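Single-letter residue listing:
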Amino acid sequence: MAINKQEHAQWSSSFGFVLAAVGSAVGLGNIWKFPYMVGESGGSAFVIAYLFCLALIGFPILVAEWLIGRRGQKNPINTYSDVAASEGKSRSWSIVGATGILGGFLILSFYSVIGGWALNYITKVGSGSFAGQDSDSVAATFDAMLASAGTLTIWHTVFMVITAVIVGVGVTKGIENAAKILMPLLGVILFVIVGYNVMNGGFGEAVNYLFAPDLSKLNGDVMLAALGHAFFTLSIGMGIMVAYGSYLGRDVNLLSTARTVVILDTVIALAAGLAIFPIIFSNGLDPASGPGLIFVSLPIAFGSMGAGAIIGTLFFLLITFAAVTSSISLLEPTVELLEERTPMSRTVSTIVASIAVWLLGIAALLSFNLWSDFTIMGNGIFDALDKVTSKFMLPLTGLAAIIFVGWQMDQRSIQQELGLSNFTWQLWQIIAKFVAPIAVLIVFVTSLMN
Ligand code: TRP
(Lines give C-alpha, C1' and ligand atoms only; values in the text may rest on other atoms or scores of the structure.)
Protein backbone atom coordinates (compact mmCIF):
# COMPACT_ATOMS: atom_id res chain seq x y z
CA MET A 1 0.00 0.00 0.00
CA ALA A 2 2.44 2.65 1.11
CA ILE A 3 3.13 4.89 -1.81
CA ASN A 4 5.84 6.83 -0.11
CA LYS A 5 6.59 4.91 2.96
CA GLN A 6 10.03 6.47 3.29
CA GLU A 7 8.65 10.01 3.47
CA HIS A 8 8.77 10.17 7.21
CA ALA A 9 9.25 8.25 10.38
CA GLN A 10 6.46 6.26 11.93
CA TRP A 11 5.25 6.05 15.48
CA SER A 12 7.46 3.68 17.39
CA SER A 13 4.47 2.04 18.96
CA SER A 14 0.75 2.23 18.87
CA PHE A 15 1.01 3.64 22.39
CA GLY A 16 2.92 6.66 21.14
CA PHE A 17 0.25 7.18 18.57
CA VAL A 18 -2.58 6.95 21.09
CA LEU A 19 -0.80 9.54 23.21
CA ALA A 20 -0.54 11.98 20.35
CA ALA A 21 -4.14 11.42 19.30
CA VAL A 22 -5.46 11.76 22.85
CA GLY A 23 -3.24 14.81 23.33
CA SER A 24 -4.86 16.44 20.33
CA ALA A 25 -8.39 15.37 21.24
CA VAL A 26 -8.41 16.20 24.95
CA GLY A 27 -8.16 19.91 25.44
CA LEU A 28 -10.17 23.02 26.04
CA GLY A 29 -12.96 21.37 24.07
CA ASN A 30 -13.53 18.94 26.91
CA ILE A 31 -13.10 21.20 29.90
CA TRP A 32 -13.99 24.68 28.76
CA LYS A 33 -16.28 24.22 25.78
CA PHE A 34 -18.30 21.10 26.58
CA PRO A 35 -19.73 22.40 29.89
CA TYR A 36 -20.77 25.78 28.55
CA MET A 37 -22.36 24.25 25.47
CA VAL A 38 -24.32 21.90 27.71
CA GLY A 39 -25.42 24.93 29.70
CA GLU A 40 -26.44 26.93 26.66
CA SER A 41 -28.42 24.02 25.22
CA GLY A 42 -30.30 23.21 28.37
CA GLY A 43 -28.54 20.12 29.70
CA SER A 44 -29.20 16.48 28.99
CA ALA A 45 -30.70 16.99 25.53
CA PHE A 46 -27.31 18.23 24.39
CA VAL A 47 -25.43 15.47 26.23
CA ILE A 48 -27.56 12.77 24.65
CA ALA A 49 -27.27 14.23 21.15
CA TYR A 50 -23.53 14.59 21.68
CA LEU A 51 -23.03 10.96 22.76
CA PHE A 52 -25.12 9.84 19.81
CA CYS A 53 -23.00 11.94 17.39
CA LEU A 54 -19.76 10.63 18.89
CA ALA A 55 -20.75 7.00 18.47
CA LEU A 56 -22.43 7.07 15.08
CA ILE A 57 -20.61 9.90 13.34
CA GLY A 58 -17.44 10.87 15.18
CA PHE A 59 -16.11 7.36 15.69
CA PRO A 60 -16.40 6.22 12.05
CA ILE A 61 -15.04 9.51 10.73
CA LEU A 62 -12.04 9.26 13.05
CA VAL A 63 -11.35 5.79 11.65
CA ALA A 64 -11.89 7.06 8.10
CA GLU A 65 -9.43 9.93 8.51
CA TRP A 66 -6.71 7.66 9.91
CA LEU A 67 -7.32 5.17 7.14
CA ILE A 68 -6.93 7.80 4.43
CA GLY A 69 -3.83 9.21 6.15
CA ARG A 70 -2.18 5.81 6.45
CA ARG A 71 -2.74 5.17 2.74
CA GLY A 72 -1.43 8.52 1.64
CA GLN A 73 1.57 9.00 3.92
CA LYS A 74 1.76 12.75 3.25
CA ASN A 75 0.18 16.03 4.30
CA PRO A 76 -3.64 16.06 3.97
CA ILE A 77 -3.72 17.87 0.62
CA ASN A 78 -1.28 15.53 -1.12
CA THR A 79 -2.72 12.54 0.69
CA TYR A 80 -6.25 13.16 -0.62
CA SER A 81 -4.86 13.87 -4.06
CA ASP A 82 -2.69 10.72 -4.21
CA VAL A 83 -5.16 8.33 -2.64
CA ALA A 84 -7.94 9.59 -4.93
CA ALA A 85 -5.69 9.16 -7.95
CA SER A 86 -4.68 5.64 -6.94
CA GLU A 87 -8.39 4.77 -6.63
CA GLY A 88 -8.97 6.17 -10.11
CA LYS A 89 -10.83 9.21 -8.76
CA SER A 90 -10.35 12.93 -9.28
CA ARG A 91 -7.37 14.62 -7.68
CA SER A 92 -9.63 17.52 -6.77
CA TRP A 93 -10.42 15.61 -3.58
CA SER A 94 -7.33 17.44 -2.37
CA ILE A 95 -9.61 20.40 -1.68
CA VAL A 96 -10.84 18.48 1.37
CA GLY A 97 -7.30 18.55 2.72
CA ALA A 98 -7.13 22.29 2.09
CA THR A 99 -10.36 23.21 3.88
CA GLY A 100 -9.12 21.16 6.80
CA ILE A 101 -5.92 23.14 7.11
CA LEU A 102 -7.82 26.41 6.91
CA GLY A 103 -10.18 25.18 9.64
CA GLY A 104 -7.28 24.50 11.99
CA PHE A 105 -5.89 27.94 11.38
CA LEU A 106 -9.21 29.60 12.22
CA ILE A 107 -9.82 27.45 15.31
CA LEU A 108 -6.38 28.17 16.74
CA SER A 109 -7.02 31.92 16.61
CA PHE A 110 -9.76 31.75 19.25
CA TYR A 111 -8.43 28.63 20.97
CA SER A 112 -5.31 30.57 21.86
CA VAL A 113 -7.38 33.33 23.46
CA ILE A 114 -8.97 30.79 25.82
CA GLY A 115 -5.60 29.14 26.42
CA GLY A 116 -4.56 32.63 27.55
CA TRP A 117 -7.48 32.79 30.03
CA ALA A 118 -6.32 29.50 31.52
CA LEU A 119 -2.75 30.81 31.81
CA ASN A 120 -3.97 33.96 33.49
CA TYR A 121 -6.00 31.91 35.97
CA ILE A 122 -2.93 29.89 36.97
CA THR A 123 -1.50 33.09 38.40
CA LYS A 124 -4.79 34.32 39.83
CA VAL A 125 -5.63 31.10 41.67
CA GLY A 126 -2.02 30.58 42.66
CA SER A 127 -1.78 33.98 44.33
CA GLY A 128 -4.75 33.07 46.47
CA SER A 129 -6.90 35.85 45.11
CA PHE A 130 -10.06 33.71 45.24
CA ALA A 131 -9.74 32.65 48.86
CA GLY A 132 -13.08 33.08 50.58
CA GLN A 133 -14.66 34.92 47.66
CA ASP A 134 -18.32 34.52 46.81
CA SER A 135 -19.80 34.00 43.38
CA ASP A 136 -20.27 37.71 42.74
CA SER A 137 -16.67 38.66 43.30
CA VAL A 138 -15.45 35.66 41.30
CA ALA A 139 -17.65 36.79 38.42
CA ALA A 140 -16.38 40.36 38.81
CA THR A 141 -12.79 39.12 38.49
CA PHE A 142 -13.68 37.34 35.27
CA ASP A 143 -15.53 40.33 33.85
CA ALA A 144 -12.60 42.57 34.63
CA MET A 145 -10.30 40.26 32.69
CA LEU A 146 -12.66 40.24 29.70
CA ALA A 147 -12.97 44.00 29.73
CA SER A 148 -9.21 44.47 29.52
CA ALA A 149 -7.99 44.13 25.95
CA GLY A 150 -4.43 44.51 27.22
CA THR A 151 -4.64 41.60 29.67
CA LEU A 152 -6.25 39.35 27.09
CA THR A 153 -3.64 40.28 24.51
CA ILE A 154 -0.74 39.54 26.84
CA TRP A 155 -1.95 36.05 27.74
CA HIS A 156 -3.06 35.20 24.22
CA THR A 157 0.44 36.18 23.11
CA VAL A 158 2.09 34.02 25.76
CA PHE A 159 -0.02 31.04 24.74
CA MET A 160 0.74 31.53 21.04
CA VAL A 161 4.47 31.87 21.73
CA ILE A 162 4.49 28.60 23.70
CA THR A 163 2.67 26.84 20.86
CA ALA A 164 4.92 28.34 18.19
CA VAL A 165 8.14 27.47 19.99
CA ILE A 166 7.11 23.86 20.44
CA VAL A 167 6.06 23.51 16.80
CA GLY A 168 9.01 25.52 15.45
CA VAL A 169 11.66 23.63 17.39
CA GLY A 170 9.89 20.40 16.53
CA VAL A 171 9.63 19.03 20.06
CA THR A 172 6.00 17.99 19.78
CA LYS A 173 7.01 14.39 20.48
CA GLY A 174 8.56 15.41 23.78
CA ILE A 175 5.40 17.23 24.75
CA GLU A 176 3.37 14.18 23.91
CA ASN A 177 5.62 12.12 26.16
CA ALA A 178 4.96 14.46 29.03
CA ALA A 179 1.28 13.82 28.35
CA LYS A 180 1.80 10.30 29.66
CA ILE A 181 2.03 11.70 33.17
CA LEU A 182 0.11 14.94 32.97
CA MET A 183 -3.07 13.73 31.27
CA PRO A 184 -3.80 11.10 33.93
CA LEU A 185 -3.05 13.75 36.54
CA LEU A 186 -5.65 16.01 34.96
CA GLY A 187 -8.12 13.13 35.26
CA VAL A 188 -7.23 12.75 38.94
CA ILE A 189 -7.71 16.45 39.68
CA LEU A 190 -11.08 16.43 37.94
CA PHE A 191 -12.18 13.56 40.10
CA VAL A 192 -10.93 15.35 43.22
CA ILE A 193 -13.19 18.26 42.32
CA VAL A 194 -16.06 15.88 41.62
CA GLY A 195 -15.43 14.33 45.06
CA TYR A 196 -15.55 17.77 46.66
CA ASN A 197 -18.86 18.37 44.92
CA VAL A 198 -20.34 15.13 46.20
CA MET A 199 -19.77 16.46 49.73
CA ASN A 200 -20.82 20.04 49.07
CA GLY A 201 -24.21 19.96 47.45
CA GLY A 202 -25.68 20.38 44.04
CA PHE A 203 -24.39 17.01 42.90
CA GLY A 204 -27.73 15.23 42.49
CA GLU A 205 -29.13 18.21 40.67
CA ALA A 206 -26.15 18.23 38.32
CA VAL A 207 -26.43 14.52 37.56
CA ASN A 208 -30.09 15.03 36.79
CA TYR A 209 -29.37 18.02 34.63
CA LEU A 210 -26.70 16.18 32.62
CA PHE A 211 -28.22 12.74 32.27
CA ALA A 212 -31.96 12.62 32.99
CA PRO A 213 -33.41 12.21 29.52
CA ASP A 214 -35.26 15.41 28.72
CA LEU A 215 -35.73 15.43 25.01
CA SER A 216 -38.18 18.31 25.04
CA LYS A 217 -35.21 20.64 24.57
CA LEU A 218 -33.91 18.73 21.56
CA ASN A 219 -34.16 20.75 18.37
CA GLY A 220 -32.19 21.38 15.21
CA ASP A 221 -29.93 23.95 16.84
CA VAL A 222 -29.06 21.69 19.75
CA MET A 223 -28.34 18.85 17.35
CA LEU A 224 -26.11 20.98 15.16
CA ALA A 225 -24.24 22.25 18.22
CA ALA A 226 -23.78 18.66 19.44
CA LEU A 227 -22.63 17.51 16.03
CA GLY A 228 -20.13 20.34 15.70
CA HIS A 229 -18.82 19.68 19.17
CA ALA A 230 -18.39 15.97 18.50
CA PHE A 231 -16.06 16.94 15.65
CA PHE A 232 -14.31 19.60 17.67
CA THR A 233 -13.62 17.39 20.65
CA LEU A 234 -12.23 14.49 18.59
CA SER A 235 -10.11 16.83 16.43
CA ILE A 236 -11.74 15.47 13.29
CA GLY A 237 -12.91 17.27 10.18
CA MET A 238 -9.71 19.24 9.92
CA GLY A 239 -7.16 16.91 8.45
CA ILE A 240 -5.05 16.71 11.58
CA MET A 241 -6.09 13.10 12.09
CA VAL A 242 -5.36 12.47 8.40
CA ALA A 243 -1.89 13.86 9.03
CA TYR A 244 -1.45 11.74 12.16
CA GLY A 245 -2.65 8.69 10.26
CA SER A 246 0.24 9.14 7.88
CA TYR A 247 2.60 8.30 10.72
CA LEU A 248 0.67 5.22 11.67
CA GLY A 249 2.28 1.78 11.42
CA ARG A 250 0.52 -0.94 9.48
CA ASP A 251 0.10 -3.04 12.61
CA VAL A 252 -2.00 -0.52 14.52
CA ASN A 253 -5.64 -1.55 14.78
CA LEU A 254 -7.67 1.49 13.76
CA LEU A 255 -10.96 0.48 15.30
CA SER A 256 -9.72 -0.37 18.77
CA THR A 257 -7.45 2.68 18.82
CA ALA A 258 -10.35 4.92 17.85
CA ARG A 259 -12.47 3.36 20.56
CA THR A 260 -9.80 4.16 23.16
CA VAL A 261 -9.54 7.77 22.02
CA VAL A 262 -13.30 8.33 21.94
CA ILE A 263 -13.82 6.78 25.37
CA LEU A 264 -11.01 8.72 27.06
CA ASP A 265 -12.13 11.94 25.48
CA THR A 266 -15.72 11.41 26.55
CA VAL A 267 -14.84 10.44 30.11
CA ILE A 268 -12.82 13.65 30.53
CA ALA A 269 -15.66 15.78 29.17
CA LEU A 270 -18.30 14.17 31.38
CA ALA A 271 -16.01 14.47 34.41
CA ALA A 272 -15.62 18.16 33.63
CA GLY A 273 -19.41 18.42 33.59
CA LEU A 274 -19.63 16.79 37.01
CA ALA A 275 -16.87 19.04 38.30
CA ILE A 276 -18.62 22.21 37.20
CA PHE A 277 -22.40 21.91 37.33
CA PRO A 278 -22.76 21.10 41.03
CA ILE A 279 -20.90 24.36 41.77
CA ILE A 280 -23.17 26.19 39.34
CA PHE A 281 -26.31 24.90 41.05
CA SER A 282 -25.20 25.16 44.66
CA ASN A 283 -24.20 28.79 44.06
CA GLY A 284 -27.28 29.75 42.09
CA LEU A 285 -25.26 30.56 38.95
CA ASP A 286 -26.72 30.57 35.46
CA PRO A 287 -25.69 27.44 33.48
CA ALA A 288 -26.24 29.41 30.27
CA SER A 289 -23.71 32.09 31.04
CA GLY A 290 -21.53 31.15 28.07
CA PRO A 291 -17.79 30.81 27.49
CA GLY A 292 -16.91 32.10 30.96
CA LEU A 293 -18.67 29.22 32.70
CA ILE A 294 -15.68 27.35 34.14
CA PHE A 295 -13.95 30.61 35.06
CA VAL A 296 -16.87 31.87 37.14
CA SER A 297 -17.67 28.54 38.79
CA LEU A 298 -14.53 26.58 39.64
CA PRO A 299 -12.71 29.40 41.46
CA ILE A 300 -15.57 29.48 43.98
CA ALA A 301 -14.77 25.91 44.92
CA PHE A 302 -11.02 26.54 44.90
CA GLY A 303 -11.61 29.50 47.18
CA SER A 304 -13.35 27.42 49.80
CA MET A 305 -11.90 23.91 49.69
CA GLY A 306 -8.88 22.85 51.74
CA ALA A 307 -5.64 23.30 49.75
CA GLY A 308 -7.82 25.04 47.16
CA ALA A 309 -5.04 27.34 45.96
CA ILE A 310 -2.78 24.37 45.23
CA ILE A 311 -5.46 22.23 43.64
CA GLY A 312 -6.73 25.18 41.62
CA THR A 313 -3.28 26.17 40.39
CA LEU A 314 -2.58 22.59 39.39
CA PHE A 315 -5.93 22.39 37.66
CA PHE A 316 -5.35 25.45 35.49
CA LEU A 317 -1.76 24.35 34.81
CA LEU A 318 -2.97 20.99 33.61
CA ILE A 319 -5.71 22.34 31.39
CA THR A 320 -3.20 24.74 29.89
CA PHE A 321 -0.98 21.76 29.19
CA ALA A 322 -3.92 19.88 27.65
CA ALA A 323 -4.64 22.98 25.57
CA VAL A 324 -1.05 23.09 24.33
CA THR A 325 -1.05 19.45 23.21
CA SER A 326 -4.14 20.38 21.17
CA SER A 327 -2.91 23.73 19.89
CA ILE A 328 0.28 22.24 18.48
CA SER A 329 -1.89 19.92 16.42
CA LEU A 330 -3.84 22.95 15.18
CA LEU A 331 -0.73 24.86 14.10
CA GLU A 332 1.31 21.99 12.70
CA PRO A 333 -0.66 21.45 9.44
CA THR A 334 -0.35 25.11 8.37
CA VAL A 335 3.35 25.13 9.17
CA GLU A 336 3.92 21.88 7.32
CA LEU A 337 2.11 23.23 4.28
CA LEU A 338 4.16 26.45 4.19
CA GLU A 339 7.37 24.53 4.70
CA GLU A 340 6.61 22.15 1.82
CA ARG A 341 5.06 24.59 -0.63
CA THR A 342 7.17 27.74 -0.18
CA PRO A 343 10.91 28.35 0.03
CA MET A 344 10.51 29.25 3.73
CA SER A 345 12.31 27.19 6.35
CA ARG A 346 10.44 25.52 9.18
CA THR A 347 11.34 28.32 11.55
CA VAL A 348 10.20 31.06 9.21
CA SER A 349 7.04 29.09 8.32
CA THR A 350 6.22 28.77 12.00
CA ILE A 351 6.74 32.46 12.62
CA VAL A 352 4.64 33.52 9.64
CA ALA A 353 1.79 31.15 10.46
CA SER A 354 1.83 32.07 14.14
CA ILE A 355 1.75 35.79 13.51
CA ALA A 356 -1.22 35.37 11.18
CA VAL A 357 -3.07 33.27 13.76
CA TRP A 358 -2.10 35.70 16.50
CA LEU A 359 -3.49 38.70 14.60
CA LEU A 360 -6.79 36.95 14.01
CA GLY A 361 -6.83 36.06 17.70
CA ILE A 362 -6.48 39.74 18.58
CA ALA A 363 -9.57 40.47 16.52
CA ALA A 364 -11.35 37.66 18.37
CA LEU A 365 -10.44 38.92 21.82
CA LEU A 366 -11.39 42.48 21.00
CA SER A 367 -14.93 41.23 20.45
CA PHE A 368 -15.14 40.86 24.26
CA ASN A 369 -14.42 44.52 24.83
CA LEU A 370 -13.49 47.32 22.41
CA TRP A 371 -15.17 45.78 19.37
CA SER A 372 -18.14 44.26 21.15
CA ASP A 373 -20.55 46.19 18.92
CA PHE A 374 -19.08 44.82 15.74
CA THR A 375 -20.99 41.76 14.56
CA ILE A 376 -21.03 39.45 11.56
CA MET A 377 -24.55 38.16 10.96
CA GLY A 378 -25.42 38.74 14.59
CA ASN A 379 -22.23 37.23 16.05
CA GLY A 380 -19.16 38.89 17.50
CA ILE A 381 -15.86 37.92 15.87
CA PHE A 382 -15.07 35.30 18.52
CA ASP A 383 -18.46 33.60 18.15
CA ALA A 384 -18.35 33.88 14.38
CA LEU A 385 -14.99 32.06 14.20
CA ASP A 386 -16.23 29.38 16.56
CA LYS A 387 -19.50 28.84 14.73
CA VAL A 388 -18.16 28.86 11.19
CA THR A 389 -15.58 26.23 12.07
CA SER A 390 -17.53 23.95 14.42
CA LYS A 391 -20.89 24.08 12.75
CA PHE A 392 -19.86 24.16 9.10
CA MET A 393 -16.25 23.50 8.24
CA LEU A 394 -15.61 20.54 10.54
CA PRO A 395 -18.82 18.63 9.73
CA LEU A 396 -18.51 19.21 5.98
CA THR A 397 -14.85 18.20 5.85
CA GLY A 398 -15.62 15.14 7.98
CA LEU A 399 -18.58 14.30 5.75
CA ALA A 400 -16.25 14.36 2.77
CA ALA A 401 -13.84 11.99 4.55
CA ILE A 402 -16.51 9.40 5.28
CA ILE A 403 -17.99 9.64 1.78
CA PHE A 404 -14.52 9.19 0.36
CA VAL A 405 -13.93 6.05 2.41
CA GLY A 406 -17.45 4.69 2.00
CA TRP A 407 -17.99 5.39 -1.66
CA GLN A 408 -14.74 6.22 -3.44
CA MET A 409 -12.21 3.73 -2.14
CA ASP A 410 -11.88 0.06 -2.92
CA GLN A 411 -14.01 -1.66 -0.28
CA ARG A 412 -12.31 -5.02 -0.25
CA SER A 413 -8.97 -3.58 0.81
CA ILE A 414 -10.67 -1.55 3.53
CA GLN A 415 -12.28 -4.66 4.95
CA GLN A 416 -8.85 -6.26 5.10
CA GLU A 417 -7.26 -3.23 6.62
CA LEU A 418 -9.89 -2.98 9.35
CA GLY A 419 -9.66 -6.73 9.89
CA LEU A 420 -13.42 -7.20 9.98
CA SER A 421 -15.31 -10.44 9.60
CA ASN A 422 -18.52 -10.52 7.62
CA PHE A 423 -21.03 -9.37 10.18
CA THR A 424 -19.02 -6.49 11.60
CA TRP A 425 -18.01 -5.51 8.08
CA GLN A 426 -21.67 -5.22 7.10
CA LEU A 427 -22.24 -3.07 10.13
CA TRP A 428 -19.27 -0.85 9.27
CA GLN A 429 -20.53 -0.44 5.72
CA ILE A 430 -24.01 0.53 6.80
CA ILE A 431 -22.60 3.14 9.14
CA ALA A 432 -19.91 4.48 6.81
CA LYS A 433 -22.01 4.53 3.66
CA PHE A 434 -25.37 5.56 5.07
CA VAL A 435 -25.82 6.28 8.76
CA ALA A 436 -22.95 8.73 9.30
CA PRO A 437 -23.29 10.76 6.08
CA ILE A 438 -27.08 10.86 6.23
CA ALA A 439 -27.04 11.83 9.90
CA VAL A 440 -24.73 14.75 9.15
CA LEU A 441 -27.03 15.85 6.33
CA ILE A 442 -30.18 15.53 8.43
CA VAL A 443 -28.68 17.64 11.18
CA PHE A 444 -27.80 20.29 8.64
CA VAL A 445 -31.19 20.37 7.05
CA THR A 446 -33.15 20.40 10.33
CA SER A 447 -31.06 23.22 11.68
CA LEU A 448 -31.56 25.21 8.51
CA MET A 449 -35.31 24.79 8.84
CA ASN A 450 -35.32 25.79 12.47
N1 TRP B 1 -9.94 18.57 20.17
C2 TRP B 1 -9.33 19.71 20.79
C3 TRP B 1 -10.10 20.05 22.04
O4 TRP B 1 -11.05 19.40 22.35
C5 TRP B 1 -9.26 20.89 19.87
C6 TRP B 1 -8.61 20.55 18.58
C7 TRP B 1 -7.31 20.22 18.39
C8 TRP B 1 -9.27 20.44 17.34
N9 TRP B 1 -7.12 19.89 17.08
C10 TRP B 1 -8.29 20.01 16.43
C11 TRP B 1 -10.57 20.62 16.93
C12 TRP B 1 -8.65 19.77 15.11
C13 TRP B 1 -10.91 20.39 15.62
C14 TRP B 1 -9.97 19.96 14.70
O15 TRP B 1 -9.77 20.95 22.74
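Just so we're clear, the structure is a prediction, and the values are computed from it rather than from any experiment.

**Q** It is not clear to me how the side chain of N369 should be interpreted in this structure. Could you clarify?
**A** Mapped onto the secondary structure, N369 falls in the loop between helix 15 (346-366) and helix 16 (381-408). Only 3.5 Å separates the side chain of N369 from the backbone oxygen of L365, close enough to count as a polar contact. Beyond its immediate sequence surroundings of up to four residues, N369 is in contact with L146, A147, S148, A149 and L152.

**Q** Would you mind showing me how to read the site of the ligand here?
**A** Taken together, 17 residues sit near the ligand, with A25, G29, Y111, F232 and S235 positioned nearest. With respect to the ligand, the side chain of Y111 contributes an N or O atom lying 2.5 Å from an oxygen atom. Listing elements by their share of the shell around the ligand, those giving two or more residues are helix 1 (14-25), helix 2 (28-40), helix 5 (94-126), helix 10 (220-234) and helix 14 (308-341). Split into classes, the residues belonging to the shell around the ligand amount to nine nonpolar, eight polar and no charged.

**Q** Can you help me understand helix 8 (residues 172-200) in this one?
**A** Side chains three or four residues apart in an α-helix point the same way, a direct result of the helix having 3.6 residues per turn. Along its 29 residues, helix 8 runs 40 Å from first to last C-alpha, staying within 8% of the 42 Å computed at 1.5 Å per residue. Maximal helix bending in helix 8 amounts to about 45°, located at K180; proline P184 follows within four positions. Residue G201 follows helix 8 closely and has a positive phi angle near 90°.

**Q** Is there a simple way to think about a nonpolar patch on the surface in this case?
**A** Residues I403, W407, I430, F434, I438 and I442 make up a contiguous nonpolar surface patch of roughly 550 Å² in combined accessible area. When residues of the nonpolar patch are traced back to their parent elements, those giving at least two are helix 16 and helix 18 (422-449). The biggest single contributor to the nonpolar patch is helix 18, with four residues. Inspection of the secondary structure puts F434 in helix 18.

**Q** Which parts of the structure should I look at to understand the nonpolar core?
**A** Most often, soluble globular proteins have nonpolar side chains that are buried together. Of all hydrophobic cores here, the largest spans 159 residues; its most connected members are W66, W117, F315, L418 and W428. The element that contributes the greatest number of residues to this core is helix 12 (residues 254-282), accounting for 17 residues. Ignoring sequence-local partners within four residues, the contact set of W428 consists of P60, V63, L255, V405, I414, L418 and L420.

What counts as what
- Residues numbered from 1 in each chain as written.
- Predicted model: local features only at pLDDT ≥ 70, side-chain atom pairs only at ≥ 80, totals over all residues.
- Heavy atoms only, no water.
- Helix = DSSP H or I, 4+ residues; strand = E, 2+ residues; numbered from the N terminus.
- Polar contact = N/O pair within 3.5 Å; in protein donor to acceptor, adjacent residues only side chain to side chain.
- Contact = heavy atoms within 4.5 Å.
- Near = heavy atom within 4 Å.
- Nonpolar A, V, L, I, M, F, W, Y, C, P; charged D, E, K, R; others polar.
- Expected span 1.5 Å × (residues − 1).
- Bend = angle between axes of the 7 residues up to and from the residue.
- Patch = residues over 30% accessible without salt bridge, like charges linked within 9 Å, V, L, I, M, F, W, Y side chains within 5 Å.
- Areas by Shrake-Rupley, 256 points an atom, 1.4 Å probe, with all protein chains shown as cover.
- Salt bridge = Lys/Arg side-chain N within 4 Å of Asp/Glu carboxyl O.
- Core = buried A, V, L, I, M, F, W, Y, C linked by side-chain atoms within 4.5 Å.
- Buried < 20%, exposed > 50% of the residue type's maximum accessible area, 1.4 Å probe, protein only.

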